Amino acid sequence: MIVTTVAQEQNNKLHPLKFTLWVAIASIIMMFAGLTSAYIVKSNFSGWRTMAIPKIFWVSTVVILLSSITIYLALQKFRNREMQKYRALLGTTLVLGLLFIVCQFIGYSELWSQNVRFKGSSGAGQFFYVITGLHALHVLGGFVAMAIMFLRSFFGKTKSYSAVPVEVMGIYWHFVDILWIYLMVFFLITA
Amino acid sequence: MRDTLNMQPEIASHEVGHLEHHVHHHKETFITKYIFSTDHKMISKQFLVTGIIWALIGGLFSVLFRLQLGFPDHSFPILETVFGRWAEGGKINAEFYYALITMHGTILIFFVLTAGLSGTFSNMLIPLQVGARDMASPFMNMLSYWFFFLASVIMFSSLFIQTGPASGGWTAYPPLSALGQASSGSKAGMDLWIISMALFVVSSLLGNLNYISTILNMRTKGMSMTRLPLTIWSFLFTAILGALAFPVLLSGLILLLFDRNLGTSFYLSDIFVAGQALSNEGGSAILFQHLFWFLGHPEVYIIILPTMGVVSEILAINARKPIFGYTAMIGSLLAICVLALFVWAHHMFVTGMNPFLGSVFVLLTLLIAVPSSIKVFNWLTTIWRGNIRFTPSMLYAIGFVSFFISGGLTGIWLGNSTIDIHLHDTMFNIAHFHLVMGVAAFFGMFAGVYHWFPKMFGRYLNITLSYIHFWVTLAGAYLIFWPMHYQGMAGMPRRYLDKSMWVSFSQFHALDAMISVVTIIVFLAQILFVFNFFYSMYKGRRCRSMNPWGATTLEWTTPVNPGHGNWVGKIPEVKRWAYDYSKDGRDFILQTEGPGENESVH
């Protein structure tokens, strides 16, 4: 309540929530920067084990890229008040998001069966599980938020015409997408 | 003194109609008002009270381990009565001692001086001083407190488990923190420590995001960045530092959690425990230190920057003079904030670091002396020839400057890698950081509490108790920490349970005993403060003036007990900067007042 009234009172260029999200993204970037630089430092130590990235992660890359496109289109439809199409596209994004996490999970079990485990001497695999696992958690967080948004678009008591929540969701979703691309490239180069 | 504290009786009588007025936004029950509150003022009080409780616990721990350090041969039967097997025969045992020092550091650094300090003042002052009805996201703000509360509950419960709380030092260095078999405190206590700290990071991130976006997006009309009070600038830089540094600690802790529980080798390599070789290989304990200190060093600025802002504000108000060098103050805050991110390795000079790399960190570290000196110089010139009112908050602000100087100077010693090799992990180091960020930050915090107490609770703290509290704490803090420099220069190590077997340290027995006695006295003085705080909350002298200190900033244009939304009616517009004191023959000019016709340049 307060947020919206204050936002109207003060004529802002950038909505506070969107700005907050950008700062949060900076924070998340710092976390992954910390982890990937730890990886680089560690890869020069003795006993380092490399790994091969299973093919399935290419599938998840395509899936998350597609979901970025669908949420972009969903935002367009929301702005044009085409609610049916908006819901359909948001739903598609949700399914793709879930598919991404499933793909990741399949990838992990494939790695696990290739004997890339937690225990024992350090290596790319241990980092891979932690870093991409954390990324998957961030995707899952976005998924939950999006699911709530999706349900609200059906059962919401109040009708909202503000595109801000959808925009915020979109920015976050594109971010986890780009983050995944970065991680994928990072592991392809270094592992 | 009574008179000086009741500065604006005419405003009081003028506005008295407003004061009883209460703004009702929505129906408030006990739960929505005091527990799950989204009002930034209530959340600020929640942080403050939780912080006070933590400070008492952390302070009590220091009293306990000082008993051991000051009187290693003495037995205190009461300790056994209270702590049982942790203090068998009335003597604190080794595991307990290490748990005490670890928790003392963790509690005071994170739970009191980070959450308790930023949580209190950023929440209280940001919306009030920038002219906003609440934070950018009041809901996230509430979550921030509740994550902190959850972190507190977990950390607190870790004190009571059978194997005891974490005891490998507040820095949680592996392998001590990574291997459960290393010590009893490295078992479940360490896991709880990590989980609690992870929640703490989430809490501080939620808070920091809110602070940044509120400051940058929700300022009232006319409140340009250069019209902001310095408090807000310091909160902004604190929040930026926190948002960038805490996630790196989180990543370090996640890796630690994996090493502890899933057998990974991020930090562990070639380790033998009780003759058995562990399977870990290729890990590096130094990696954790890098990740830890990348937060750990900015952390000390996260602690000290908010108090710098608070002190700047209080010094100007109580010297009735504009702050000296407003732009330089902002510039030096920025410089400290940037440098803070690039000096972490000065905590690691003795880890076998390449000396050439070390020299870079020496240079960057010593550079921090420049902005710090600018700030000290500006504080001193602000009160120079001022019309000083020695209110308790002013005394604490001056005390802050004193401690910041005496603790900061030894930073130049420790920042030099060559001297650091001798002084590393000695009592000198303890003296340095306790003065410069421990006591100084506490003084800034006390200054803030004394100054904004009327805004928080509509009452004043008791003056006599405040003065007793101040003088005992000031004298006590110097008596405790000053002698530690000499101990450290003589090579006395920190963290040791009992040093009586070294003949070279026997000259310090009496000194250690003196420090311990003073610690107890200072602790009692803090209890006096806590009593004063809670007593005055309900029974203190009522504040009848909207602007009891004659300050210029926006929080003093709200009613004495502002409701949720802060201002009755419209948010005031800002027409000038925050430091027009003693200008053109007027004592002070509120920020909301437009430029006068014949006014000199503003």
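Below is a short write-up of the structure. (Residues numbered from 1 in each chain as written. Chains lettered and ligands numbered in written order. Predicted model: local features only at pLDDT ≥ 70, side-chain atom pairs only at ≥ 80, totals over all residues. Heavy atoms only, no water.)

**Thoughts on the packing of aromatic side chains**
Residues and elements named next belong to chain A. Taken as a whole and judged by the stated rule, the model has 80 aromatic pairs over all chains. On the numbers, 5.5 Å between centres and 85° between planes, the contact of Y39 with F187 is edge-to-face. Highlighted residues: Y39 in helix α2 (residues 16-42) and F187 in helix α6 (residues 164-190), separated in sequence by 148 residues. Each member of the pair Y39 and F187 is classed as buried. Ring geometry for Y182 and F186: centres 6.0 Å apart, planes at 40°, overall tilted. Here F186 and Y182 lie together in helix α6, a separation of four residues that amounts to about one turn. Judged by relative accessible area, Y182 falls into the partly exposed class, the value being 38%. Since its relative accessible area comes to 9%, F186 is described here as buried. Sitting over the ring of F78, R81 keeps its end group 5.1 Å from the ring centre. The side chain of R87 reaches across the aromatic face of F154, ending 4.9 Å from its centre. (Phe/Tyr/Trp six-rings, centres within 6.5 Å; stacked < 30°, edge-to-face > 60°. Helix = DSSP H or I, 4+ residues; strand = E, 2+ residues; numbered from the N terminus. Buried < 20%, exposed > 50% of the residue type's maximum accessible area, 1.4 Å probe, protein only. Lys NZ or Arg CZ within 6 Å of the ring centre and 35° of its normal.)

**What to know about the interface of chain A and chain B**
Chain A puts 34 residues into the contact, and the matching count from chain B is 42 residues. Approximately 3100 Å² of surface area, both sides summed, lies buried where chain A meets chain B, with 72% of it carried by carbon and sulfur atoms. If you look at where chain A meets chain B, you find zero salt bridges. Residue assignment for the side of chain A that touches chain B shows that the elements contributing at least two residues are α1 (2-9), α2 and α5 (124-155) of chain A. Looking at the side of chain A that touches chain B, the element that brings in the most residues is α2 of chain A, giving 15 residues. Residue classes in the side of chain A that touches chain B are distributed as 20 nonpolar, eleven polar and three charged. (Contact = heavy atoms within 4.5 Å. Buried area = accessible area lost by both parts, 1.4 Å probe. Salt bridge = Lys/Arg side-chain N within 4 Å of Asp/Glu carboxyl O. Nonpolar A, V, L, I, M, F, W, Y, C, P; charged D, E, K, R; others polar.)

**So, empty space enclosed by the protein**
Residues and elements named next belong to chain B. Taken as a whole and judged by the stated rule, the model has five cavities of 30 Å³ or more. Roughly 1000 Å³ of internal volume is contained in the largest cavity. Looking at the lining of the largest cavity, the elements with two or more residues in it are α4 (40-70), α6 (94-130), α16 (427-457), α17 (463-489) and α18 (509-539). Considering only residue class, the lining of the largest cavity consists of 32 nonpolar, twelve polar and four charged. Put simply, the second largest cavity is a space of about 120 Å³. Lining the second largest cavity are 14 residues, with T114, A115, S118, S204 and N208 sitting closest to its centre. When contributions to the lining of the second largest cavity are tallied by element, the ones reaching two or more residues are α6, α8 (188-217) and α9 (230-262). At five residues, the largest contribution of residues to the lining of the second largest cavity is made by α8. (1 Å grid on protein atoms, 1.4 Å probe; cavity = no way out; pocket = protein on both sides within 12 Å on 5 of 7 lines; lining within 4 Å. Points joined across faces, edges and corners; volume = space filled by probe spheres on them.)

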